[in-house]
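# Summary of structural features
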Amino acid sequence: MAKMKDDFQALVPLMEMMRDAEMQKLTVTNQKIETLEKEIRSLRAQFRLEAPSVSGYLGADFHVRNIWRNWVEKRGQELSSELINLAADREIQKAKLAVALGRADVVADLANRKAKSPGTY
């Protein structure tokens, strides 16, 4: 009985480390998402501020602005795609964190539980 309780107590630090690792992964993903969202907002703001008027579409200037506009649109699509992938990763990491939290709680509870009768936890 005491041996099994000692085994659970030995598992507690491991479960806490696994929980902390999952929390850290989620934190890093959230920071990446926040950075991408800032970059997308910045790109959109820059596009609105520098968007040429219809009268500005003359000669070579039209060609340069058209290339720039195409680049902004493509970059925005790339960032949005990356953001979608990170959001999916975040949901997976949330599920893994929930499992790690549950496991850590169960092992800690089993390690701290007093024996009610011989052979039980």
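Refer to the structure presented above.
All of the points below concern the structure found in this document.

## Here we look at the pattern of salt bridges
Evaluated as defined, the whole model comprises seven salt bridges. Among the ionic pairs, Lys-38 bridges to Glu-34, the shortest N-O distance being 3.5 Å. One end of the pair is Lys-38 and the other is Glu-34, both in helix α1 (residues 2-50) and four residues apart, which spans about a single turn. For Arg-75, the salt bridge identified is with Glu-39, shortest N-O distance 2.9 Å. Of this pair, Arg-75 sits in helix α2 (residues 59-112) while Glu-39 sits in helix α1; the two residues are 36 residues apart in sequence, bridging distant segments of the chain. What makes Arg-75 partly exposed here is its relative accessible area of 25%.

## Overview of the side chain of Thr-29
Structurally, Thr-29 is set in helix α1. The class for Thr-29 is buried, based on a relative accessible area of 6%. Within the structure, the side chain of Thr-29 is placed 2.7 Å from the side chain of Gln-93, a separation counted as a polar contact. Look past the residues within four positions of Thr-29 in its chain and what remains in contact with it is Leu-86, Arg-90 and Gln-93.

## Some points on a nonpolar patch on the surface
Where nonpolar side chains cluster on the molecular surface, the patch consists of Leu-11, Leu-14, Met-17 and Met-18 and spans about 340 Å² of accessible area. By the element assignment, Leu-11 lies in helix α1. Overall, the relative accessible area of 32% leaves Leu-11 in the partly exposed class.

## Some remarks on the packing of aromatic side chains
Taken as a whole and judged by the stated rule, the model has one aromatic pair. With centroids separated by 5.6 Å and ring planes inclined at 15°, the aromatic side chains of Phe-47 and Trp-68 adopt a geometry described as stacked. In this pair, Phe-47 is assigned in helix α1 and Trp-68 in helix α2, connecting sequence segments 21 residues apart. A relative accessible area of 23% means that Trp-68 is categorised as partly exposed.

Definitions and cut-offs
Residues numbered from 1 in each chain as written. Predicted model: local features only at pLDDT ≥ 70, side-chain atom pairs only at ≥ 80, totals over all residues. Heavy atoms only, no water. Salt bridge = Lys/Arg side-chain N within 4 Å of Asp/Glu carboxyl O. Helix = DSSP H or I, 4+ residues; strand = E, 2+ residues; numbered from the N terminus. Buried < 20%, exposed > 50% of the residue type's maximum accessible area, 1.4 Å probe, protein only. Polar contact = N/O pair within 3.5 Å; in protein donor to acceptor, adjacent residues only side chain to side chain. Contact = heavy atoms within 4.5 Å. Patch = residues over 30% accessible without salt bridge, like charges linked within 9 Å, V, L, I, M, F, W, Y side chains within 5 Å. Areas by Shrake-Rupley, 256 points an atom, 1.4 Å probe, with all protein chains shown as cover. Phe/Tyr/Trp six-rings, centres within 6.5 Å; stacked < 30°, edge-to-face > 60°.

Geometric descriptors of this kind do not, in isolation, establish any biological role.
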